Amino acid sequence: MAVRISINNSEKLSKIIKEITGVRLTSPITGITTDSRDCEPGDLYIALLGDRSNGHHYLQDVDAMDASAALISEKNSNQKLNLHQIIVEDTRKALGLIANNWRNIFNIPVIAITGSNGKTSTKELLYHVLKDKYNVHATEGNYNTSIGLPLSLFGINKNHDISIIEMGANQPGDIKYLCKIAEPTHGLITNISSSHLEGFQSIENIVETKGALFHYLENGISFINYADERVKSINNSGDKVTYGLNAECDFPADIHHDDDGSILLTIDAQEIKTKSKNLSFVKNIIAVSAVSVTLEIEWELLQERILTFKPPKGRCKVLTYNSITIIDDTYNANLESCVAAIDYLMAFTGSGRKILVLGDMLELGVASTQQHEKLGSKCSEANLDAVFTIGKETMSTQSVINGVPINLHYHNSDDLISSLKSQLKDNDKVLFKGSRGMKMEKIISGVFEA
């Protein structure tokens, strides 16, 4: 993923940098990047200190690319650099401060979205719904970290009416820190589950970290998912709008099914067609409906935009290869999203086998074995026709699966690809799922494109 954003008002940015660092820039800034490989002429390069690399080692490279300046915390001894070097104590914090000042130039609603599952899909659907009526700024891809979020904010300009910011968390305190940078006016927590346990140690720590969004919105609006008990339990002192699969909500929802098996929704007495069998997507629709109608989107427009929405790559995207149906849900994986994806697979009708191709769920820490075993139990209960697993952690999944006619494990992708190619039949429906680090999309291309 590129780590660069273009700047549309160099004068304003230069003024902010001078206020924070005391340094007056001598050249205009046309972009900001944290990756020397993405650097372009006129960029401000942020030299970050990471666990695996030190951005200060690449100052010569960005100088050769004719960057305008570099934000650094270590003075470079190379006197031949033409690069204007701005020294700060901590480049990551300085980036956050600069981005916060940039955000405060614009008096517009900023909607923050966090949660264990569905952040990006919800953000993309909300953007798709709102952009027909408003000029909307939104996080690109998943720029949702302490680096990505500040870069996203620099994309806001004077023409925008609304900004949608995604917030990710890998450890306690992350969301509170991101709120200080983005200063959201509205907030939505999609759900809270046991994803990223490795960085949090306990579900209670996850609740506390994600809940910081609602705590921040003392003077804003929190959109509260009443169908998620953990989200519902978070204290909120500002205004709130509630939604969920129960009657005591501002936006109560009921789920029905159309004649073709796709899901129909009734939200606050309004019927919404989804043309989807994906329950996770439908839950996103309920959340987005609550936000959109609160922001004065008409129900008719909401319906139209839902039916024209196409999910981002790797998120339950349905493809076909000859007569085989491919469900590409390779973007990421935890127990809850895997269970939901299996339910989605099983909802497909017609002839053909239901097949799961599963890679490891990563970042689960000491809970990994138990979570993978629970997933194996789900596979057994779902009446799948075949399960193909790959990786180290999914050995625990494979070991507990019972009653599945084909249950095979592989240690490398080449063997898995070869096996799948030889065993797939006409009309099969195949779900691919796994954490980003497992690169399951390469399994798909290896089987169907090679």
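For the structure itself, consult the block above.
Please read these numbers as outputs of a predicted model, since none were measured by experiment. (Residues numbered from 1 in each chain as written. Predicted model: local features only at pLDDT ≥ 70, side-chain atom pairs only at ≥ 80, totals over all residues. Heavy atoms only, no water.)

Observations concerning the side chain of asparagine 191
Next up, step 1: For asparagine 191, the location among the structural elements is in the loop between β9 (186-189) and α7 (197-200).
Next up, step 2: When its relative accessible area of 19% is taken as the criterion, asparagine 191 is described as buried.
Next up, step 3: From its side chain, asparagine 191 meets the backbone nitrogen of asparagine 117 in a polar contact 2.9 Å long.
Next up, step 4: When residues no more than four places from it in sequence are discounted, the contact partners of asparagine 191 are Gly115, Ser116, Asn117, Asp228 and Val231. (Helix = DSSP H or I, 4+ residues; strand = E, 2+ residues; numbered from the N terminus. Buried < 20%, exposed > 50% of the residue type's maximum accessible area, 1.4 Å probe, protein only. Polar contact = N/O pair within 3.5 Å; in protein donor to acceptor, adjacent residues only side chain to side chain. Contact = heavy atoms within 4.5 Å.)

So, the pairing of strand β13 (residues 263-267)
Next up, step 1: Across the 5 residues of β13, 4 count as buried, placing the element largely inside the fold.
Next up, step 2: With 5 bridges joining them, strand β12 (residues 251-257) and β13 adopt antiparallel strand pairing. Opposite aspartate 254, over in β13, you have threonine 266 as the bridge partner.
Next up, step 3: Connecting β12 to the antiparallel partner β13 that follows it, the hairpin turn spans 5 residues, and glycine 261 within it adopts a positive phi of roughly 95°.
Next up, step 4: As paired elements, β13 and strand β14 (residues 270-273) share 4 bridges and run antiparallel to each other. The residue of β14 that forms the bridge with leucine 265 is isoleucine 272.
Next up, step 5: With antiparallel pairing between neighbouring strands as the criterion, β13 and β14 make up a hairpin whose turn holds 2 residues, including aspartate 268 at a positive phi of roughly 50°. (Pairing = 2+ DSSP bridges.)

Topic: the environment of tyrosine 177
Next up, step 1: As for its placement among the helices and strands, tyrosine 177 is situated in helix α6 (residues 174-182).
Next up, step 2: Exposure remark for tyrosine 177: the relative accessible area of 28% places this residue in the partly exposed category.
Next up, step 3: The sequence separation of tyrosine 177 and phenylalanine 106 amounts to 71 residues, and the corresponding C-alpha distance is 20 Å.
Next up, step 4: Leave out the neighbours within four places in its chain, and tyrosine 177 touches Arg92, Lys93, Gly96 and Ser146.

Comments concerning the pairing of strand β4 (residues 69-72)
Next up, step 1: Neither face of β4 is exposed, since Ala69 and Leu71 on one face and Ala70 and Ile72 on the opposite face are all buried.
Next up, step 2: By the bridge criterion, 3 bridges tie strand β3 (residues 43-46) to β4 in an arrangement that is parallel. Residue pairing in the sheet places tyrosine 45 in a bridge with alanine 70 of β4.
Next up, step 3: In this view, the connection linking β3 to its parallel neighbour β4 by way of helix α2 (residues 59-64) has right-handed handedness. (Right-handed = clockwise from strand over helix to strand, strands pointing away.)

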